Each structure stands twice: as C-alpha cells, then as structure tokens.
Amino acid sequence: MQRHELEAPMLQLRARMALARLWSAQGRTEAARTLLAAAYEQFTEGFATVDLTDARQLLDDLAVSR
C-alpha cells in the first residue's frame, strides 16, 4: 500500500470540513479557513465533485466572514 492511500485525502477533507464548520460557528473563522485550505490544496483534480465544490464554497464563505 502506498503512502497516499493511507492518507485518504477525501476523508481528511470531509473531516476538516466538519471541523471548519464547527470552528466557524464558534467564531474561529481564520483557524477554520486555514485548516480547510490545507486539505483542499492537496487536490489537483476532481474539482467538480460534490465534496470539493462544497469545500470551495465553505472556503469562500469563510473568506467573506473574515
């Protein structure tokens, strides 16, 4: 098994999206954006998938909330 298979980037993205939403609701907007951006930036393709479009929207929302 290769390292990237162990990291499961889509699962990390989903987990970070949930945590980013929680932090945003707690007023930790910048921390939420930073956390989610790090996961989102790992991707080089698949930007039309539901998970990545949701992540992009959340990043945009967090940027506006700054």
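To start, this report covers the structure provided alongside it. (Residues numbered from 1 in each chain as written. Predicted model: local features only at pLDDT ≥ 70, side-chain atom pairs only at ≥ 80, totals over all residues. Heavy atoms only, no water.)

Some points on helix α4 (residues 50–64)
No. 1: For α4, which comprises 15 residues, the first-to-last C-alpha distance of 21 Å matches the rise-based estimate of 21 Å (1.5 Å per residue) to within 8%.
No. 2: Within the sequence span of α4, burial applies to D51, L52, A55, L58, L59 and L62. The buried residues of α4 occupy an angular sector of 120 degrees when the element is viewed end-on, so they sit on one face. Away from its buried face by more than 90 degrees, α4 exposes V50 and V64. (Helix = DSSP H or I, 4+ residues; strand = E, 2+ residues; numbered from the N terminus. Expected span 1.5 Å × (residues − 1). Buried < 20%, exposed > 50% of the residue type's maximum accessible area, 1.4 Å probe, protein only. Arc of directions from axis to C-beta.)

What to know about the pattern of salt bridges
No. 1: Evaluation of the coordinates by the stated rule reveals three salt bridges.
No. 2: For E30, the salt bridge identified is with R33, shortest N-O distance 2.8 Å. Of the two residues, E30 and R33 both sit in helix α3 (residues 29–40), three residues apart, roughly one turn of that helix.
No. 3: Given a relative accessible area of 36%, E30 falls into the partly exposed group.
No. 4: Overall, R33 belongs to the partly exposed group, its relative accessible area being 21%.
No. 5: A salt bridge links R56 to D60; its shortest N-O distance comes to 3.0 Å. Taken as a pair, R56 and D60 lie in helix α4 at a separation of four residues, close to a single helical turn.
No. 6: Under the relative-accessibility criterion, R56 is labelled partly exposed at 35%. (Salt bridge = Lys/Arg side-chain N within 4 Å of Asp/Glu carboxyl O.)

Things to note about the environment of A15
No. 1: Tracing the backbone through its elements, the reader meets A15 in helix α2 (residues 9–25).
No. 2: Overall, the relative accessible area of 47% leaves A15 in the partly exposed class.
No. 3: Each C-alpha atom of the pair A15 and L36 lies 9.2 Å from the other, and the pair is 21 residues apart in sequence.

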